[in-house]
Amino acid sequence: MFTKVDLSYIIALAVGGVLFLYLLIPRDDPKKDDLWNKLDKVGVPSGFLPWTRATLASCTALLRNTHEGYHKFCKKGRPFALPSIWTGKAIVVVPLSALHLTNRPDNELIGYWALVDNIQLPYFIPDRNVIEHVIHFEVSRKDLTQRNVNRQLAPTAEELENCFHDLWGDSTEWTTVNGWDMCGQIIARVALRTLLGFPICRDEELVKATRNFANGLFARAAIINCMPPALRPILAPILTWQTKRYRDRYRKIVVPVIKERIRLWEKHEKTDEGELPSDFLQWLIARAAQHGPEHMNPSTISYRLLALNTMFVYAMSFTFSQAVIDICASPDHKRFMDGIEAECKAVAGRYPEGLASPEAVEKLHRVDSAIRESMRISDVSILTLPRDVVDKPLDLGDGIICPPGTRLMYPSQPIHQDPEFWEDPLRFDAFRFSDPFDEEAGGSPGTDGDGAPKQQENLVELTPTFLGWGYGKKACPGRWYSGQTMKQSLAYMVMNYEVELVGKQSKRRSLLNAMIPPTDAKIRFRRRI
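Within each chain, residues carry numbers counting from 1 in the order of the written sequence. Per-residue local features of the predicted model are confined to residues with pLDDT of at least 70, and side-chain atom pairs are confined, for both listing and counting, to 80 or more; whole-chain, interface and lining totals are unaffected and use all residues. Side-chain figures throughout are based on the complete set of non-hydrogen atoms in the structure, without hydrogens or water.

Caption draft 1: The arrangement of the packing of aromatic side chains in detail. Aromatic pairs are defined between Phe, Tyr and Trp rings, using the six-membered ring for Trp, whenever the two ring centres lie within 6.5 Å; interplanar angles under 30 degrees are classed as stacked, those over 60 as edge-to-face, and all others as tilted. Under the criterion given, the structure shown has 19 aromatic pairs. Between the aromatic rings of Phe 218 and Tyr 314, the centroid separation amounts to 3.9 Å while the plane-to-plane angle is 10 degrees, which identifies the pairing as stacked. Of the two residues, Phe 218 sits in helix H10 (residues 204–224) while Tyr 314 sits in helix H14 (residues 298–329), which places them 96 residues apart along the sequence. Accessibility classification places Phe 218 together with Tyr 314 in one group, the buried group. A ring pair is formed by Phe 336 and Phe 431, whose centres lie 5.1 Å apart and whose planes are at 75 degrees; its orientation type is edge-to-face. With Phe 336 in helix H15 (residues 333–348) and Phe 431 in the loop between helix H18 (412–416) and helix H19 (479–496), this residue pair connects regions lying 95 residues apart in the sequence. Each member of the pair, Phe 336 together with Phe 431, is buried. Taken together, the ring pairs in this structure connect Phe 164, Trp 168, Tyr 492, Tyr 497 and Phe 525 into an aromatic cluster. By the criterion adopted, a ring carries a charge over it if an Arg CZ or a Lys NZ lies within 6 Å of its centre and within 35 degrees of its normal. Across the ring face of Tyr 303, the terminal group of Arg 251 is positioned such that the distance to the ring centre comes to 4.1 Å. Elements are defined by DSSP. Helices are runs of H or I of four residues or more, strands are runs of E of two residues or more, and each kind is numbered from the N terminus. Buried means the residue's accessible area, taken with a 1.4 Å probe over protein chains only, is under 20% of the maximum for its type, while exposed means over 50%, and partly exposed covers the values in between.

Rendered as structure tokens:
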């Protein structure tokens, strides 16, 4: 994801512009703002240009400052101000007690535009219709139903077998590869099967363009976020030109497919003959038609697909690849792998459809736990759940009033590493969520505060102390599909291959709010005999 070339972009494009804009151009003094006067602050030094220096330092200091502010203020139920170059001013970091705010209506607090701002989408997708009318998100909320998700089990199982055969092969000799890249290729092909259908999902150029665009977008967006907002319109087009080449290659392949699918849909609407494909593209065409003919342009639909491809492919690739590396890097690697293999084989043997059965996948408790634990300890971001105050000021209590335009975020990484909520929180324990309920492991789930037996937290469950999928009514609508797909992928891998980490896992680093993944991690694998 991040390379030496990316780091040179940061130095060449960001640092010079930052120093110019922030040191030579007078800035508004946040001390004059009533909100910042009343909030506790973290990372703001004393002396010359304190807020300017704090904003500049946020590119590398946000991780440290967030953890400090969480323990000093959020643990006491208080919000704090965190300078960030991402917004060009401070962010209000709110405590767990304010999680209820995530359910506020969009006319009070909205998260969508902060998401667009985080991935800098307008610099990659020029069609404003796609950005302002999020029909593709509507498909995620309304068409990724449990029934439709379950219908993806058999195609996913078929695609996994084909992917691993093509990419990993059947050799019983050890093969060493880039683990991040190889795991990402698997997930990309499997996701494209659901998004675009067969056989286009196996087009090598399409898979390559999809992955390179997704990875390029998130890497470049992280760098753009480190630039002063005023300089982004000038520098971002230079930084994103290569990523946009992958975008154009993707669209060249999918636009003819979209045209054919629209023709099929129109014929079906007129004659009601035949069965339409059950994939995201077909659901998107039907939803776009409901919103009017202006949304049925194949070019616009291709951009909508690309936006969703990017979220699905990057998010699932990150999570799956990181889970594999976390398991392999653990001192308990053999115990985890053996335990997952035994569970998968036992469960698959009980169902005629094997792991293409929804009942079987649901019973993969160790697999479920391993992925959830990786999401807990290897966050994508430090702060999550952004919300922007819209029209009316927001009262946080204690005289703290947030005016429109204020951005709120939650300290998810410190929460995920808080010893109050997690035993030995910095240790990766793949079976953290399954062992208490596993008779073979001698588990005893205990009881909750009301004396009722505790229930196991499954991969996609939302809790106040696990924010990997978001929280509340607006949590990730694609989590059931993503969770199911990653569980099938990990199960297939462990059942059929021995996998080990080569060397040591590198220490994770951050760039502003993004955690830089271990893209150079090496793994080796061989087919099980």
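There's plenty left to go through after this.
Caption draft 2: Molecular detail of the environment of Asp 181. One can find Asp 181 in helix H9 (residues 179–196). On the basis of relative accessibility, which here comes to 31%, the residue Asp 181 falls in the partly exposed class. Sequence spacing of Asp 181 and Lys 522 is 341 residues, and the spatial spacing of their C-alpha atoms is 9.4 Å. Among the polar contacts listed, one links the side chain of Asp 181 to the side chain of Gln 185, at a separation of 2.9 Å. What qualifies as a polar contact is a pair of N or O atoms within 3.5 Å, subject to a donor-acceptor requirement within protein and to the restriction that residues adjacent in sequence count only when both atoms come from side chains.

Caption draft 3: Up close: the pairing of strand E3 (residues 89–93). Within E3, 4 of the 5 residues are buried, which leaves it mostly tucked inside the rest of the structure. Direction of pairing for strand E2 (residues 80–84) relative to E3: antiparallel, over a ladder of 5 bridges. Note on E3: the bridge partner recorded for Phe 80 is Val 93. Between any two strands, pairing holds if DSSP finds at least two bridges. Between the antiparallel neighbours E2 and E3 lie 4 residues, among them Gly 88 with a positive phi of about 80 degrees. Relative to strand E9 (residues 407–410), E3 runs parallel, the two being bridged by 2 bridges. Of the residues in E9, the one forming a bridge with Val 93 is Met 409.

Caption draft 4: How the structure looks around the side chain of Asp 326. Relative to the helices and strands, Asp 326 resides in helix H14. Charge assignment: positive for Lys and Arg, negative for Asp and Glu; neither His nor the chain ends contribute. Counted as salt bridges are all cases of a side-chain nitrogen of Lys or Arg within 4 Å of a carboxyl oxygen of Asp or Glu. In this structure Asp 326 is buried but unpaired, with Arg 508 as the nearest side chain of opposite charge at 6.7 Å. Engagement of the side chain of Asp 326 in a polar contact is seen with the side chain of Ser 374, the distance being 2.7 Å. The contact criterion used throughout is that any non-hydrogen atoms of two residues lie within 4.5 Å. Contacts of Asp 326, omitting those with residues within four sequence positions, involve Ser 374, Ile 377, Ser 378, Phe 428 and Gln 505.

Caption draft 5: Structural view of the nonpolar core. Trp 168, Leu 196, Leu 305, Leu 490, Met 493 and Val 499 are the most contacted members of the largest nonpolar core, which has 101 residues in total. Aside from chain neighbours lying at most four places away, what touches Met 493 is Phe 164, Trp 168, Val 324, Met 337 and Val 499. Working definition of a nonpolar core: buried Ala, Val, Leu, Ile, Met, Phe, Trp, Tyr and Cys residues. They are joined through side-chain atoms within 4.5 Å. Core analysis: the second largest hydrophobic core is formed by 50 residues, Leu 101, Leu 109, Leu 512 and Ala 514 among them.

Caption draft 6: Focus on the packing of H9 against H19. Note on geometry: axes are C-alpha line fits, over the in-contact stretch for helices, and angles between N-to-C directions span 0 to 180 degrees. Relative to each other, H9 and H19 sit at 135 degrees, their axes nearing to 11 Å. What the angle tells us is that H9 and H19 run oblique. Between H9 and H19 lies a crossing whose hand is right-handed. Residues Ile 187, Val 190, Ala 191 and Thr 194 of H9 touch H19, and the partners they reach there are Tyr 481, Thr 485 and Ser 489. When grouped by side-chain class, the residues that make up the contact of H9 with H19 number 4 nonpolar, 3 polar and no charged. In this scheme, roughly parallel covers angles under 35 degrees and roughly antiparallel covers those over 145, while 65 to 115 is roughly perpendicular and the rest are oblique. Crossings are sorted by hand: turned counterclockwise from the far helix by less than a right angle, the near helix makes the crossing left-handed, and turned clockwise it makes it right-handed. Under the scheme applied here, ten amino acids are nonpolar (Ala, Val, Leu, Ile, Met, Phe, Trp, Tyr, Cys and Pro), four are charged (Asp, Glu, Lys and Arg), and all others, including Gly, are polar.

Caption draft 7: Focus on the confidence of the model for the protein chain. When pLDDT is averaged along the protein chain, the result is 90; 91% of the residues meet or exceed 70. Low pLDDT (under 50) marks residues 21–28, which in the prediction has 18 contacts with non-local residues, meaning those over four places away or in another chain. For every residue, the predictor states its confidence as a pLDDT score lying anywhere from 0 to 100.

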